[in-house]
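As a plain string of letters, each chain reads:
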Amino acid sequence: MRFGVILYSEKLVEKIEENDGELPVAHLKDDQDDISSLVMRLFLHIKENHGALMAFQFLSNVNKLRVESAAEDSLEMHQVEGAFVETILPTATSPPQETLLKLEKDQTLSELSHESSVFAFKLGLAKMGCSLLMNGLVYEPNEEALINAMNDELPRIQEQVYYGQINSHTDVLDKFLSESGVQRYNAKIIADGKVKPKFVSLCASILAKESILNDLYYLHSPETMDDLKPVTHLLVVDMTSKKGMKLLREGIRYLISGSKIARVGVLFNANKDATLPSLVFMKAFEMTTSSYSHKKGVLQFLDQLCSFYEQEYILASVDTKSYQKIIDRVFQLADANGLPSKAYESSLPGFSAENLTSYLNKVAQFLFRTIGVESGINAVVTNGRVIQLLEGSTFLSHDLHLLESLEFKQRIKHIAEIIEEIKWDDVDPDVLTSKFISDVVMAISSSSSTRDRSSESARFEILSAEYSAVIMQNEHASIHIDAVIDPLSSSGQKLSALLRILSKYVQPSMRLVLNPVSSLADLPLKNYYRYVVPTTDDFSGTDHTVNGPTAFFSNMPLSKTLTMNLDVPEPWLVQPLVAIHDLDNILLENLAETRTLQAVFELEALVLTGHCSEKDHEPPRGLQLILGTRNTPHLVDTLVMANLGYWQMKVFPGLWYLQLAPGRSNELYVMREDGEGGQDSTLSKRITIDDLRGKLVHMEVKKRKGMEREKLLVPVDDDDSHSTTKKGSQNGWNSNILKWASGFIGGKDQSKKEANSSLEPKSGGRYGKTINIFSVASGHLYERFLKIMILSVLKNTHRPVKFWFIKNYLSPQFKDVIPHMAHEYGFEYELITYKWPTWLHKQKEKQRIIWAYKILFLDVIFPLALEKVIFVDADQIVRTDMGELYDMDLKGRPLAYTPFCDNNKDMDGYRFWKQGFWKDHLRGRPYHISALYVVDLVKFRETAAGDQLRVFYETLSKDPNSLSNLDQDLPNYAQHMVPIFSLPQEWLWCESWCGNATKSKAKTIDLCNNPMTKEPKLQGAKRIVTEWPDLDLEARRFTAKILGENIEEPQEQIVPPHQIESTNEDSSSEDNESKAEL
């Protein structure tokens, strides 16, 4: 990654524009008053004499002094001088003040600074004020745009490196610019998706007999008049304004500079009653284009005539009734440029003002009715694309070249090629001139561009489906359905079910066109799918029984391990309520005689989602929101993400009130009601949930008066807003919300006990600060591991412990047992969930979704009052007091992981992070294991670490070869932006990677898979961890007691790993997670 800067002087750019794109000599002689020019000269001086790093430091110092002086945009001379002295003083060999005076007077380096301004002018970036370019692409100048730009570019570069198109000798910037770069940027021309280009059809105007366009004559670049011109620029020019004449002269210069594929026509559009000199000018211009456009000096003649007319009749105040002066000038210029002056002498003196005024009115009607341009407006119409030049905007000859290039490449080229191949058999050869063909191209390209190419207007009847269509005829049908389906796609599964229902109840005629992928390396469908919707069959025909919609799967494979999931509407949170069998590991052959599996699911809650915005600013990421009732205002909380200002909360049907959370969010911002209102327009937003479709809420906030410069996310160390807080108390960015909302973690009375928490014993005789531990498990096997992990944590600490489990994947049995287990062993627990946002790229495999939940939503899945949490893998055994890890100083880092140990040399060939991509990317940083990690949630939220991780994930996850171990690869990949504190090695021991030499010091043991032996986890656990069988037996006995089941006492023999055969145990005893782990 390399960074550069383009500096320019706004004053000089304005002078260049006024001087027809050339450097003004007067400004070059004396630009001492131009502060921007001085900054550039000082920057260049420091770069040449002290290096680029110090030169950029100078710019930083300039900005620092400007901000300190509370100046908005204006920069003063003393600030520049002070920044220069401050920058070079530590390394200066002579007084910096002397150097400064010399540079100010001698105009040293002026030529280079002027070249920089000319370069910015030619690029078209000067009008944008400030912009960011990443490999030639233009972005908004902010940090978030920079990160997004980097993540957008990375896949492009990776792909071309993979295919050998980029190597170590390739200049990536030159390559990209040579392939698709343009010479100039103009936001009016290069549509970036924010503004849709306007197109009008010129076809009817060309076909009409009495049309303005049919009477229009065009100008061409020298010696190209007889060539086909697929690109037609129509310049709409207000000849009574300076701006209009500027556009006309730029159009003439555009042709002088040369264009082989474009022509220029001029439509005069007067803002007010045209004066006689204006009419003479228009008459002379029309005569020239109609009779002498083939002449060599015609463009120079028109350029000089425009210049004279502008100087004498627009910029200067002269008698508007006297026009003899311009007539005389026309004669002189005609002789000077090789045009017949006698023709002008015979036509101009006796011109008819009435006829010209009538023509102007006719043009005005055409412009308004066809183009949509009002009187006095200057515009450019290129093959039907309309660009209006409003006040403050300029359009130069460079922009016409850019417009020609883009429009020809994107719209016109292919149309022109088709028209050139047409055989005009029935057309008079005398009519087939280059003008005729150019008019046809203009008409067709303008007409085709006005079509809206939305999916709603697709024409299915043109599809050739002789061999790939299923046709269902119904002569009496009032509806016909055409459907194009990829039969082996997930969307095809849903669509086919809907079409089946429509066919049964609506009885339309239908044509199904099968459109499969042409070649497959693997079967794209990995599931059996049934789409369930309510139908009339759900109601009994004999009584009042409602059977409800059902999904029935028949003829399923008996020996394959299956997983059951529900695909529900986005706002629904659905959980299994009753399920005897393990829904993550369904093996039908184990169901004995019944061969039928049943499960009951319940709609637990709805998801309230929304987008929060701040006018003229990026979404206020990190803004804290609370939701509750009028009597209990804080029942749920969350924070606003950077992406689209997104937020979500879990709700039930009823009346809710949304508010800004007390603390920094409420101190800086106020909610605006429906985007209107004053400073304190509303303290809460009422939301009614009265159906099962959820709700999408758009809310707008604004900074309170006097807080406009305050930042929402302020690091704890830099927060001055609580500087008077007593020592030992919370002094963070969300200290108020932590204190105020503490009662919502683990019970309402907890806040009252907070002050004495370190002394007062809790349930089971536990005392001290609560340890918060987070884990996730899916399937009965991992829930078995999870109970053992819970016991191992509790047996090694005297402090109270609260466990946080992701609810989405827990079985009904576990949810039945855990309350009894919490009561028996004296711990707290909470089940949490978060619905995957629709805008975030979703994983398809359940195991990868679970991995994603471990890392992607840490900032929003927990209540805002929770300050820190430790993630512990379900298959981990703890041998120490986790309070030691909970209290550890993470040195200001939001995350803490244990690096992979490397003392087991037998595994060197499997350490992928020590070679190839990972070795280059990490650059000496360790690669960490994700089985155990600490999250400082306060630091994590205040640094917007969650937003940054989601940006990296969104970019990388679209490549199926990226993020093989998602929960592990993502934080390791992003650690240059989201720093990781490396825990001491003893905090996580794993036999596969660490070996037995360090096992005695292990504080936790993880049952990570061994890629060499592939030993099943249950067998490995009994062999590796001596206390595991006892903990397992205790957990199983307790579970059996609660569920009323019997268990067999274990009699299994531990088998050393070298005796394990690959066919030792059926793969069905292990779920997908154990296979996918390292």
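As a convention, each chain's residues are numbered from 1 in the sequence order in which they are written. Local features in this predicted model are restricted to residues of pLDDT 70 or higher, and side-chain atom pairs are both shown and tallied only at a pLDDT of 80 or more, whereas totals for entire chains, interfaces and linings draw on every residue. Just so you know, side-chain values use all the structure's heavy atoms and leave hydrogens and water out.

Some details on the overall build of the chain
- Counting from the N terminus, the helices are DSSP H or I runs at least four residues long and the strands are E runs at least two residues long. In terms of helices and strands, the chain carries 35 helices and 29 strands.
- To sort residues, take the accessible area from a 1.4 Å probe on protein chains only and compare it with the maximum for the residue type: under 20% means buried, over 50% means exposed, and anything in between is partly exposed. Across the 1078 residues of the chain, 47% fall into the buried class.
- Note on definitions: a residue-residue contact is assigned when non-hydrogen atoms from the two residues lie within 4.5 Å. In the chain, of all internal contacts separated by at least 6 residues, the share reaching a separation of at least 24 is 74%.

Some remarks on the side chain of Ser 205
- With respect to the helices, strands and loops of the structure, Ser 205 is situated in helix α10 (residues 203-207).
- Residue contacts for Ser 205: discarding those within four places in its chain leaves Ser 211, Leu 213, Asn 214, Phe 366 and Thr 370.

Section: empty space enclosed by the protein
- Of the two site types, the cavity is a set of points on a 1 Å grid over the protein atoms alone where a 1.4 Å probe fits but cannot get out, and the pocket is an open set with protein on both sides within 12 Å along at least five of seven lines, each lined by residues with an atom within 4 Å of a point. Grid points are joined across faces, edges and corners, and a volume is the space filled by probe spheres set on the points. If you walk through the whole model with that rule in mind, you get four cavities of 30 Å³ or more.
- Volume-wise, the second largest cavity comes out at about 130 Å³.
- Together, 15 residues line the second largest cavity, and Cys 1008, Asn 1009, Asn 1010, Glu 1015 and Ile 1024 are the ones closest to its centre.
- Elements with a minimum of two residues in the lining of the second largest cavity: α32 (991-994) and α33 (1017-1024).

Focus: helix α14 (residues 324-336)
- Along its 13 residues, α14 runs 19 Å from first to last C-alpha, staying within 8% of the 18 Å computed at 1.5 Å per residue.
- Here α14 has its buried residues at Ile 326, Ile 327, Val 330, Phe 331, Leu 333 and Ala 334.
- On the buried face of α14, the contacting elements are α12 (276-291), α13 (298-315) and α15 (341-347).
- A positive backbone phi angle near 80° is found at Gly 338, which sits one or two residues after α14. Expected span of a helix: the number of residues minus one, times 1.5 Å.

Quick word on the state of the cysteines
- Note on terminology: disulfide denotes any pair of cysteine sulfur atoms within 2.5 Å. In the structure shown here, the tally under the stated rule is two disulfides.
- Cys 990 shares a disulfide with Cys 1008; S-S distance 1.6 Å. A residue pair is termed long-range when its members are at least 10 positions apart, and Cys 990 in the loop between β28 (980-982) and α32 and Cys 1008 in the loop between β29 (1004-1006) and α33 qualify at 18 residues. By the burial criterion, Cys 990 is buried, and Cys 1008 matches it.
- Bonded cysteines in the chain are paired 1-3, 2-4 when counted in the order they occur along the chain.

Brief notes about a nonpolar patch on the surface
- Taken together, Ile 479, Leu 502, Tyr 505 and Val 506 make up a surface patch of nonpolar side chains, about 310 Å² in accessible area.
- Looking at the element boundaries, Leu 502 is found in helix α19 (residues 490-505). Each patch is built from salt-bridge-free residues with over 30% relative accessible area, joining like charges within 9 Å and nonpolar side chains (Val, Leu, Ile, Met, Phe, Trp, Tyr) within 5 Å. Only the protein chains shown count as cover for residues, and the accessible areas themselves come from Shrake-Rupley with a 1.4 Å probe. A carboxyl oxygen of Asp or Glu within 4 Å of a side-chain nitrogen of Lys or Arg is what we treat as a salt bridge.

Focus on the packing of aromatic side chains
- Each Phe, Tyr or Trp ring (for Trp, its six-membered ring) is paired with any other whose centre lies within 6.5 Å, and the angle between the two planes then decides the class: stacked below 30 degrees, edge-to-face above 60, tilted in between. Following the criterion strictly, the structure yields 41 aromatic pairs and no others.
- For the ring pair Phe 43 and Phe 56, a centre distance of 5.7 Å and an interplane angle of 90° mean the geometry is edge-to-face. Of the two residues, Phe 43 sits in helix α3 (residues 35-50) while Phe 56 sits in helix α4 (residues 52-68), which places them 13 residues apart along the sequence.
- Owing to a relative accessible area of 8%, Phe 43 belongs among the buried residues under this scheme.
- Aromatic side chains Phe 912 and Tyr 927 sit 5.3 Å apart centroid to centroid with 75° between the ring planes, which places their arrangement in the edge-to-face category. Here Tyr 927 lies in the loop between α28 (916-922) and β27 (928-936) and Phe 912 lies in the loop between β26 (895-899) and α28, a separation of 15 residues in the sequence.
- We classify Tyr 927 as buried; its relative accessible area is 2%.
- By way of ring pairs, the aromatic residues Phe 900, Phe 912, Trp 913, Phe 917, Trp 918, Tyr 927, Phe 952, Tyr 973 and Trp 993 are connected into one cluster.

Focus: helix α23 (residues 780-794)
- The end-to-end C-alpha distance of α23 is 21 Å, a good match for the 21 Å that 15 residues give at a rise of 1.5 Å each.
- Among the 15 residues that make up α23, 13 are buried, leaving the element largely enclosed by the rest of the structure.

Points about the packing of α23 against helix α34 (residues 1028-1043)
- Helix axes are fitted to C-alpha atoms over the stretch in contact, other axes to C-alpha atoms as well, and angles between N-to-C directions run from 0 to 180 degrees. The interhelical angle for the contact between α23 and α34, taken along N-to-C directions, is 110°, at an axis separation of 9 Å. Taken together, the axes of α23 and α34 are roughly perpendicular relative to one another. Crossing hand, α23 versus α34: right-handed. Mapping the contact onto sequence places Arg 784, Phe 785, Lys 787, Ile 788, Leu 791 and Ser 792 in α23 and Trp 1028, Leu 1031, Asp 1032, Glu 1034, Ala 1035, Arg 1036 and Thr 1039 in α34.
- The residue classification treats Ala, Val, Leu, Ile, Met, Phe, Trp, Tyr, Cys and Pro as nonpolar and Asp, Glu, Lys and Arg as charged. All others, Gly included, are polar. Residues of the contact of α23 with α34, tallied by class, amount to six nonpolar, two polar and five charged. Angular relationships are summarised with four words: roughly parallel below 35 degrees, roughly antiparallel beyond 145, roughly perpendicular across 65 to 115, and oblique for the angles in between. Each crossing gets its handedness from the near helix: less than a right angle anticlockwise from the far helix is left-handed, clockwise is right-handed.

Overview of the sheet that holds strand β11 (residues 509-514)
- Reading across the sheet, the three strands line up as β9-β11-β10 and stay open at both edges, with mixed pairing between neighbours. Each edge of the open sheet carries a strand with a single partner, namely β9 (469-472) and β10 (480-485). Pairwise comparison of adjacent strand axes, ignoring direction, gives a mean angle of 10° for this sheet.
- By the convention used here, strands pair only if DSSP detects at least 2 bridges between them. When β9 meets β11, the two strands line up antiparallel, connected through four bridges. Bridge pairing links Ile 471 to Arg 511 in β11.
- Here α19 sits on the sheet and contacts β9, β10 and β11; the angle it forms with β10, its principal contact strand, is near 160°.

Concerning unusual backbone geometry
- Here Gln 507, not a glycine, exhibits a phi torsion of approximately 55°, which is positive.
- Summarising the element assignment, Gln 507 is placed in the loop between α19 and β11.
- The phi dihedral of Lys 891 falls on the positive side, at around 55°, and the residue is not glycine.
- Structurally, Lys 891 is set in the loop between α27 (882-886) and β26.

Considering the environment of Arg 848
- By the element assignment, Arg 848 lies in helix α25 (residues 846-853).
- Spatially, the C-alpha atoms of Arg 848 and Leu 966 are 6.8 Å apart, while their sequence positions differ by 118 residues.
- The residues contacting Arg 848, other than those within four sequence positions of it, are Gln 843, Ser 962, Leu 963, Ser 964 and Leu 966.
- Reaching out from Arg 848, the side chain makes a polar contact with the backbone oxygen of Leu 963 at a distance of 2.7 Å.
- A 3.5 Å cut-off defines polar contacts: any pair of N or O atoms within that distance qualifies, except that in protein one atom must be a possible hydrogen donor and the other a possible acceptor, and neighbouring residues in sequence count only when both atoms are side-chain atoms. From its side chain, Arg 848 meets the backbone oxygen of Ser 964 in a polar contact 3.2 Å long.

Let's talk about the packing of α3 against helix α5 (residues 77-88)
- Packing of α3 against α5 leaves a shortest axis separation of 10 Å and a crossing angle of 5°. In this view, α3 runs roughly parallel relative to α5, as classed from their interaxial angle. Between α3, through Ile 35, Leu 38, Val 39, Leu 42, His 45, Ile 46 and His 50, and α5, the contact on the second element is made entirely by Met 77, Val 80, Phe 84, Thr 87 and Ile 88.
- The class makeup of the residues in the contact of α3 with α5 is nine nonpolar, three polar and no charged.

Here we look at the confidence of the model for the chain
- Of the residues in the chain, 87% reach a pLDDT of 70 or more, and the chain-wide mean stands at 82.
- Across residues 675-680, where pLDDT falls below 50, the model places 10 contacts with residues more than four positions away in sequence or in other chains.
- One confidence number per residue, pLDDT, is output by the predictor and ranges from 0 to 100. A low-confidence stretch, residues 1053-1078 (pLDDT under 50), is modelled with 53 contacts involving residues beyond four sequence positions or located in other chains.

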